[in-house]
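# Observations on the three-dimensional arrangement
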Amino acid sequence: MDSNNINVEDHDQGGSSVPDQRRGTGNPDGRRPRAVVVTPTYDEKESIADLIAVVLAEQKNVPNFDLHILVADGHSRDGTLEIVGKLAETNSNTHLLDVEERGIGVGLYKGFHHAIDCLGADILIEIDADFQHNPEDIPRFLKEISNGYDVVIGSRFVADSDISMSFFRLTLSVGANQMMRMMIGVKGVTDFTTSYRAFTKEVFLKVSPESVTWQEKSFIFVPVFLVRLLECGAHAREISVTEHPRSRGYSKMIYWRYIYDIIRFSIKSRLDIILKPDGP
Ligand SMILES: Nc1nc2c(ncn2[C@@H]2O[C@H](COP(=O)(O)OP(=O)(O)OP(=O)(O)O)[C@@H](O)[C@H]2O)c(=O)[nH]1
Ligand SMILES: [Mg+2]
């Protein structure tokens, strides 16, 4: 762990050090960059068809990108697989990956690889399937990618964020983020734990698979993966997002396990910094 390698634009600086590189103006072969929205699912039959429709409807607002959606399903038993399979047959921008095992980490990680290896993704967008995140925020993520950022982090804790959360969830999220910021020493990130982000293929491929807890069944993948992206020297910034409580389907979050994993990861990261102060 080398916290000095972490390079996050302070959202209050209003993009004063926007990188020179510009994206979204076409690939060398003339095609528009392909942005694949990867959504992990387990038993999301109530929301998945609507989510796919609303995500793909954003294409009109991002004419410089070729927008696709990939559902990375943990072999749902409620019909999610069948719903997405049917939609994928008739819409060439809708894709399904049956991950065949449980875990949001394995779902997202295999989904990202599939999007790059099989769908030609240049940019990846991570979003929950239950409408807690608003797909209408997608153009703002892609605008910052166009501006040259490698990682764009959706945050519930910056100006203009629109959130409503139960007191328990708010306490859990604020506590987890405070702990990670303090222990890992990352400045400029207010939200490690929400799963709404965009990043480039190039930065994703820099992350070593061994450094990410993608095999663990808990939600710890979400914050750990962001820390690893930032450690690769990614140029990152946060943007405000909308987040509301789940209104369809049921929650898969196991709270005790998540709290335990956040504490364990934060302490381990701190110890790595103390024992290896000059980094790797
Ligand atoms: N592939 C896959 N996706 C999963 C798995 N568990 C959860 N997900 C998806 O991960 C996303 C986040 O899960 P949620 O249950 O909404 O977790 P949460 O948002 O923290 O909890 P709530 O606020 O109660 O909804 C959703 O799109 C889920 O369908 C899994 O085992 N495999
Ligand atoms: Mg949810």
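Use the structure listed above.
About the thresholds
Residues numbered from 1 in each chain as written. Chains lettered and ligands numbered in written order. Predicted model: local features only at pLDDT ≥ 70, side-chain atom pairs only at ≥ 80, totals over all residues. Helix = DSSP H or I, 4+ residues; strand = E, 2+ residues; numbered from the N terminus. Buried ≥ 20, exposed ≤ 12 C-beta atoms within 10 Å, placed from the backbone. Contact = placed C-beta atoms within 7 Å. Core = buried A, V, L, I, M, F, W, Y, C linked by C-beta atoms within 7 Å. Axes fitted to C-alpha atoms, helices over the stretch in contact; angles between N-to-C directions. Parallel < 35°, antiparallel > 145°, perpendicular 65-115°, else oblique. Left-handed = near helix turned anticlockwise from the far one by under 90°. Nonpolar A, V, L, I, M, F, W, Y, C, P; charged D, E, K, R; others polar. Near = placed C-beta within 6 Å. Pairing = 2+ DSSP bridges. Expected span 1.5 Å × (residues − 1). Arc of directions from axis to C-beta.

Turning next to the overall build of the chain. Regarding its fold elements, the chain presents 8 helices and 10 strands. Counting only residues that meet the buried cut, the chain has 45% of its 280 residues in that class. In the chain, the share of contacts with a sequence separation of at least 24, taken over all contacts with a separation of at least 6, comes to 83%.

Okay, the nonpolar core next. Counting 71 residues, the largest nonpolar core has Val38, Leu124, Ile125, Val151, Ala198, Phe221 and Leu229 as its most contacted members. Examining the composition of this core, we find that 8 residues originate from one element, helix α7 (residues 221–231), more than from any other. Beyond its immediate sequence surroundings of up to four residues, leucine 124 is in contact with Val36, Val38, Phe112, Ala115, Ala198, Phe199, Lys201 and Phe204.

Okay, α7 next. Residues lying three or four places apart along an α-helix face the same way, a consequence of the helix completing one turn every 3.6 residues. Taken across its 11 residues, α7 has 11 buried, putting it largely inside the fold. Turning to α7, its buried residues are Phe221, Val222, Pro223, Val224, Phe225, Leu226, Val227, Arg228, Leu229, Leu230 and Glu231. Looking at the residues trailing α7, positive phi occurs at glycine 233, about 85 degrees.

Put simply, helix α5 (residues 167–184) and helix α8 (residues 255–275) touch, their axes get as near as 8 Å, and they point 10 degrees apart. With respect to each other, α5 and α8 are oriented roughly parallel. Crossing angle aside, the handedness with which α5 passes α8 is left-handed. Contacts from Ala176, Met179, Met180, Met183 and Ile184 of α5 reach α8 at Ile262, Ser266, Ile267, Ser269 and Arg270. Counted by class, the contact of α5 with α8 contains 7 nonpolar, 2 polar and 1 charged residues.

Turning our attention to the environment of glutamate 44. Here glutamate 44 shows up in the loop between β2 (34–41) and α1 (48–57). Here glutamate 44 is in contact with Thr80, Ala129, Asp130 and Gly249, once residues within four sequence places are set aside.

Here the focus is the site of ligand 1. Close to ligand 1 lie 21 residues; Pro40, Gly74, Gly107, Ala129 and Ser251 are nearest. Of all the secondary structure elements, the ones that give two or more residues to the shell around ligand 1 are β2, β3 (66–73) and α3 (104–117). If one sorts the elements of the shell around ligand 1 by residue count, β2 sits on top with 3 residues. Of the residues contributing to the shell around ligand 1, the split by class is 7 nonpolar, 7 polar and 7 charged.

Next up on the list: the pairing of strand β8 (residues 197–200). Side chains Arg197 and Phe199 project from β8 onto one buried face, and the interleaved Ala198 and Thr200 project onto a second face that is buried too. Two elements, strand β6 (residues 151–155) and β8, share 3 bridges in a ladder whose sense is antiparallel. The partner of valine 152 across the bridge, within β8, is alanine 198.

Below, the discussion takes up unusual backbone geometry. Residues other than glycine seldom take positive phi values, yet aspartate 43 does so here, at roughly 50 degrees. Positionally, aspartate 43 belongs in the loop between β2 and α1. Phi angles above zero are rare outside glycine, and phenylalanine 131 is one such case at about 65 degrees. Of note, phenylalanine 131 is situated in the loop between β5 (123–126) and α4 (138–146). A count of 20 C-beta atoms within 10 Å places phenylalanine 131 in the buried class.

On to α5. The end-to-end C-alpha distance of α5, which contains 18 residues, comes to 25 Å, matching closely the 26 Å that a straight helix rising 1.5 Å per residue would cover. Among all positions in α5, only Ala176, Asn177, Met180 and Ile184 are buried. Burial along α5 is one-sided: seen end-on, the buried residues are contained in an arc of 95 degrees. The exposed set on the far side of α5, more than 90 degrees from its buried face, consists of Phe167, Phe168, Thr171, Gln178 and Met182.

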